[in-house]
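Read off the chains here:
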Amino acid sequence: MLSAESQEFSRQGAERYARGWADAARRAGAVPMAPAELERLLLEQTLRLAHAVLAQPFTGQPGTEAGRALVEAELTGPEIVAWSVRALGERFLPAVLPAQLGSVTARERITQLQGALAAGHARALREREPGGRASGGRASGERGSGERGPADRPNGDGPAEQARDDAEQALRDSEARFRAVFTGAAIGIGIADLAGRLIEVNQAFADMLGYSMTELRRINVAALFHPDDATDLRELYRDLLTGRRDRARVEKRYYRKDGSALWTDLSVSLIRHDDGRPRFTVAMIEDITARYELQERLRFQALHDPLTGLPNRTLFFERLAEALDGAAEGDRLGVCFLDLDGFKAVNDRLGHAMGDRLLGVIAERLADGVASRGHLVARMGGDEFVILVPHTRGTQDVVAVAEAALDTVAAPVRIDEHQLEVSASIGVVEGPAGGTNPTDLMKAADTTLYWAKAEGRGRFALFDPVRSADHLARSMLAAELPAALERGEFLLDYQPIVTLADGTLYAVEALVRWRHPDLGLLGPDRFIGLAEKSGLIVRLGRWVLEHACEQASRWHADFPEARLVVNVNLAAQQVSDPGIVAEVADVLARTGLPAELLQLELTESAVMATTGEPLRSLRRLAALGVRLAIDDFGTGYSNLAYLRRMPIHTLKLAAPFVEGIRAAGAETTVDEQIVDALVRLAHALGLAVTAEAVETPEQVERLRALGCDTGQGRFYGDPGGADDISARLSFA
């Protein structure tokens, strides 16, 4: 259909086209009219043709009329006719109807108008009135030397005979002009009978194909077809001869005599007898080989990576879509998404030029080792590559490709004096081709690649839909965190910490929860890690600190004799925040909570990693009077000498050690011995000890006997709201 974008033509474009047409006419020979008159005439024909392309219903008659108008204006030379036909096909739509450039219907109509213009021009030449001003003819009343006028005719000759002679002469002149157009045209023209035998060709046709005209007259047109296009061209000629179409325009290949391929813009028309029976076909061909080769080079550049020469992500997604769309029931395929490990270090150490050369070597190896097996290897960008493995029989086929790729990448690379070693992580996805799409498949591959890197690199990971669903859920939660904080969806619960010696309430630990509108109440294990990865932990930690201190201040006001300490967890990112000391001091000042009633808990790994400014921050916090505790002590890699210099007040023993403690009288366990040693060590350093995960009376008894100071766990109470703690303080 014609484009709905615009049914209007460009008036300026039409005027430029008409001026170009007029210039071509003047270059072709003498023009019997003023330049302005010629341009006006050709503008009329340009507008006539434009209206014809847009008309509903369409007819080729305006093309016939345009050809006739050229004859009437004495524009009868073969060069101007050839230019008119060629320009109509190449220049008309871009100049006059740019909105129709992408319309197949418009191009088909242009093809029909080309044939109609040429036919109209030829017919007008044949039908010139006797005595007219046809080029090469004579004006009325003129005679050439040796010709007889009326007075010279024998008796019996009269006006009828004169008219017949003039008509025959006009016909000969018309045929001479037609022959001149046919012979001198710059485009190739060939006429074939209904069996495909070439009857007549012009010199341009012969030159394009490398044959003499005599040789071509002995050849069937089918012998010139390129094998890849033969079926389509036979179908096209069959449609013409059976009347399903009268003309066609396509881009097809022919064989030259030397065996090389010739790309052509081919227009074929069917010529009929007066009674409508097919008579012969006329083909007009233009050599577009150079243009086609340029297009192919541009397409290659658009679809291939300039650094490695591998297919790029655009071509990969094209092939992946084709594989999925063309898959039959039961077909399977796989994808290996590969990322180089350690490539950034090469770039940083040796420069991007060396990194580019390394990528080139890796790409060549993958092409030789993987693509040679029939799999598509593409570069997605940076140091990422992807391998498409079609027609798999199961996961093992794709795993074999992934293992081969790992071996290929892992081999050392020698570039100049540098020996480089990199590895790869690969996400492997394999499954039925039906029911999926490129986007979802590559999301799965990307997720699986992330798993491979997280598991240690230099390996592949297989896609797991259950694990993927969990990963997706976590990603969605991570995305919702900032808005949840703004909407006030977080709350605090408090878990009691009790003095083991007398069972009094000594402290509470503030534990954040997320009241998710869809998922209900979520514990910190569901979102704290996500907040740390996203960097939101600093804002969330500030919120927890403020609300915990506000509540602790109210307890202190209501129950001053209890001297209840509130424990607040501090993430490693908060410790590294240069403003942490000022932030804590500000919260204490605003809430009125005494500094000694706030204890900040840090993980063992976070404390051990504090050097420089973070360590100074911990010391300044301790100087404020704030207590500091190490949470889950014993699960990390503690440097005891370093611990001695830290401003720490309390060690919280990790739950696994407490869980291993048995009842009194039972055989001493290794865990109990460890707890005994840790308590002795802590007391030697002047530190208090809190046991976590206390759940049984037997554990309480043994921990008390080992000298542990305080305990926390289900035996003393699960986390609960602030009101639960207030009630407990009321009955103390």
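The shown structure was predicted, so the numbers you read here are calculated from the model rather than taken from an experiment. (Residues numbered from 1 in each chain as written. Predicted model: local features only at pLDDT ≥ 70, side-chain atom pairs only at ≥ 80, totals over all residues. Heavy atoms only, no water.)

(A) Examining the environment of Val 413 more closely. Position of Val 413 relative to the elements: it lies in strand β9 (residues 413-415). With a relative accessible area of 2%, Val 413 lands in the buried category. With 51 residues separating them along the chain, Val 413 and Ile 362 place their C-alpha atoms 8.6 Å apart. What Val 413 contacts, discounting residues up to four positions off in sequence, is Leu 358, Val 361, Ile 362, Arg 365, His 418, Gln 419 and Leu 420. (Helix = DSSP H or I, 4+ residues; strand = E, 2+ residues; numbered from the N terminus. Buried < 20%, exposed > 50% of the residue type's maximum accessible area, 1.4 Å probe, protein only. Contact = heavy atoms within 4.5 Å.)

(B) Spotlight on the nonpolar core. Within the largest apolar cluster, 83 residues are counted, with the highest numbers of intra-cluster contacts made by Phe 490, Val 566, Leu 598 and Leu 600. Per-element accounting of this core gives the leading share, 10 residues, to helix α19 (residues 537-558). Core analysis: the next-biggest nonpolar cluster, separate from the first, contains 47 residues, Val 31, Phe 92, Ile 110 and Ala 185 among them. (Core = buried A, V, L, I, M, F, W, Y, C linked by side-chain atoms within 4.5 Å.)

(C) Fine view of helix α27 (residues 697-705). Among all positions of α27, only Gln 699, Val 700, Arg 702 and Leu 703 are buried. Those residues of α27 hidden inside the fold are in contact with α25 (655-659), α26 (670-684) and β20 (688-691). Gly 707 lies just past α27 and shows a positive phi near 90 degrees.

(D) Structural view of the pattern of salt bridges. Scanning the entire structure with this criterion turns up 39 salt bridges. The partner of Glu 39 in a salt bridge is Arg 26, with the nearest N and O atoms 3.9 Å apart. Of the two residues, Glu 39 sits in helix α2 (residues 35-54) while Arg 26 sits in helix α1 (residues 11-28), which places them 13 residues apart along the sequence. A salt bridge links Asp 265 to Arg 249; its shortest N-O distance comes to 2.7 Å. You can see Asp 265 sitting in strand β4 (residues 261-272) and its partner Arg 249 sitting in strand β3 (residues 247-255), a full 16 residues away along the chain. The exposure class assigned to Asp 265 is buried, which follows from its relative accessible area of 9%. We classify Arg 249 as partly exposed; its relative accessible area is 26%. Within the structure, one salt-bridge network assembled from shared partners comprises Asp 228, Asp 229, Asp 232, Lys 252 and Arg 253. (Salt bridge = Lys/Arg side-chain N within 4 Å of Asp/Glu carboxyl O.)

(E) Quick peek at the pairing of strand β5 (residues 278-287). Bridge count between strand β1 (residues 188-192) and β5: five bridges; the pairing is antiparallel. Paired with Ile 189 across the strands is Met 284, a residue of β5. When β4 meets β5, the two strands line up antiparallel, connected through nine bridges. Looking at β5, one finds that Thr 264 is bridged to Asp 287. (Pairing = 2+ DSSP bridges.)

(F) Region of interest: the sheet that holds strand β2 (residues 198-201). Ordered in space as β2-β1-β5-β4-β3, the five strands form an open sheet in which the pairing is antiparallel. If you trace the sheet from one side to the other, it starts and ends with β2 and β3, each paired once. For this sheet, the mean angle separating the axes of adjacent strands, direction not counted, is 30 degrees. Of the strands in this sheet, β3, β4 and β5 touch helix α11 (residues 289-303), which is tilted by about 125 degrees from β4. (Axes fitted to C-alpha atoms, helices over the stretch in contact; angles between N-to-C directions.)

(G) Local environment of the pairing of strand β6 (residues 332-341). By the criterion of burial, β6 is predominantly enclosed, with nine of the 10 residues buried. As judged from the 10 bridges shared by β6 and strand β11 (residues 423-432), these two strands associate in the antiparallel manner. Across the sheet, Leu 338 pairs through a bridge with Ile 426, a residue of β11. Relative to strand β8 (residues 384-390), β6 runs antiparallel, the two sharing seven bridges. For Gly 334, the partnering residue across the bridge sits in β8 and is Val 389.

(H) Structural view of unusual backbone geometry. The peptide bond linking Gln 56 to Pro 57 adopts the cis configuration, its omega dihedral lying at 0 degrees. Here the phi dihedral of His 391 falls at roughly 55 degrees; this positive angle occurs in a residue that is not glycine. Mapped onto the elements of the fold, His 391 is located in the loop between β8 and α15 (395-410). Judged by relative accessible area, His 391 falls into the exposed class, the value being 63%.

(I) Seen up close, the confidence of the model for the protein. Per-residue confidence for the protein gives a mean pLDDT of 86; residues scoring 70 or more make up 89%. In the predicted structure, residues 129-160 sits below a pLDDT of 50 and forms 31 contacts with residues beyond four places in sequence or in another chain. (pLDDT = per-residue confidence, 0-100.)

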